[in-house]
Amino acid sequence: MSRREEILAEMGLGPIWRLRRKGGVGAIEARSTFTEPGAAKGWIQLKQAVPACTACGLHKSRTRTVLGVGDEQAEWMLIGEAPGAEEDRLGEPFVGQAGKLLDNMLAAIDLKRSANVYIANVLKCRPPGNRNPEPEEVEKCSPHLRAQIELVAPKLILAMGRFAAQTLLSTDASIASLRGRLHSHAGVPLIVTYHPAYLLRNLPDKAKAWEDLVLARSTMASLR
Ligand code: URA
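The rules behind these values
Residues numbered from 1 in each chain as written. Predicted model: local features only at pLDDT ≥ 70, side-chain atom pairs only at ≥ 80, totals over all residues. Heavy atoms only, no water. Helix = DSSP H or I, 4+ residues; strand = E, 2+ residues; numbered from the N terminus. Contact = heavy atoms within 4.5 Å. Salt bridge = Lys/Arg side-chain N within 4 Å of Asp/Glu carboxyl O. Buried < 20%, exposed > 50% of the residue type's maximum accessible area, 1.4 Å probe, protein only. Pairing = 2+ DSSP bridges. Polar contact = N/O pair within 3.5 Å; in protein donor to acceptor, adjacent residues only side chain to side chain. Near = heavy atom within 4 Å. Nonpolar A, V, L, I, M, F, W, Y, C, P; charged D, E, K, R; others polar.

Draft legend 1. View of the overall build of the protein. A count of helical and extended segments in the protein gives 11 helices and 6 strands. Partitioning the contacts of the protein with sequence separation of at least 6, the portion at a separation of at least 24 is 73%.

Right, here's the structure in full:
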């Protein structure tokens, strides 16, 4: 058994993950196990469904929906909370101050948002005034995120901040208690770290975020 297979077995993951693509649409469909009926089944459908979505009240105040950015076949998938003002204006995630820090964090582990990285948020529309997402908004938006994760089929998810971590792991545990170990979401290995916007306000925790990135990098290396 390879080290990658050992890690996946320790996490209780197995066959679904061995089917992971790069091989094309057939492979993606073969591992399609958790998208609910009616949800988008391909990128074209998802890219039409999200801008047309009126499932929660956020569609009334949004300027643009923010689906995601990056390599649609990336091994790394980074998931944040929700678009802010700049993201709502431009239709791209993490383009404000938090985005600049995120780009620096990625550069620190030799990654960039355009290559082998895909970035998305739990919510595709901006909560007014950047308030926290409401549980109903998360629930109504979750089919889009599930479809997106399935389509990207990443090897590793980095959940950034409380909302991403709690949503993807179906828990109300704190970031502090979730950091530092490997989790899984729908068969995908997942690591939790702080949200870049939090790090902008809490500089000492950048050292902990660096530890998370090192863990993510070594986990990815062991999954190859
Ligand atoms: N914060 C997020 O969680 N996502 C963004 O896209 C921007 C800021």
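Draft legend 2. Representation of the pattern of salt bridges within the structure. Evaluation of the coordinates by the stated rule reveals 11 salt bridges. Connected through salt bridges with shared partners, the residues E75, K155 and R224 form a single ionic network.

Draft legend 3. Quick peek at the pairing of strand β3 (residues 117–121). With 5 of its 5 residues buried, β3 lies for the most part within the structure. Of the two faces of β3, the one holding V117, I119 and N121 and the one holding Y118 and A120 are both buried throughout. The pairing of strand β1 (residues 68–70) with β3 spans 3 bridges and is antiparallel. In the sheet register, V69 faces β3, and the bridge partner there is I119. Across 5 bridges, the pairing between strand β2 (residues 76–80) and β3 is parallel. The partner of W76 across the bridge, within β3, is V117.

Draft legend 4. The side chain of H195, seen in detail. Within the secondary structure layout, H195 lies in the loop between β6 (188–193) and α10 (196–201). H195 sits in the buried class, given a relative accessible area of 15%. Within the structure, H195 has its side chain in polar contact with the backbone nitrogen of A197 (distance 2.9 Å). Excluding its chain neighbours within four sequence positions, the residues that come into contact with H195 are E81, F94, M160 and G161.

Draft legend 5. Geometry of the site of the ligand. The full set of residues close to the ligand is G80, E81, A82, E87, P93, F94, N121 and H195. Between a nitrogen atom of the ligand and a main-chain N or O atom of A82, the distance comes to 3.0 Å. A breakdown of the residues in the shell around the ligand according to their chemical character gives 3 nonpolar, 3 polar and 2 charged.

Draft legend 6. Broad picture of the environment of V69. In this structure, V69 sits in strand β1. Owing to a relative accessible area of 18%, V69 belongs among the buried residues under this scheme. Separated by 25 residues in sequence, V69 and F94 have C-alpha atoms that sit 9.2 Å apart. In this structure, V69 is in contact with E92, P93, R113, V117, Y118 and I119, ignoring residues within four places of it in sequence.

So, to be careful, I would describe these as geometric facts and stop short of saying anything about function.
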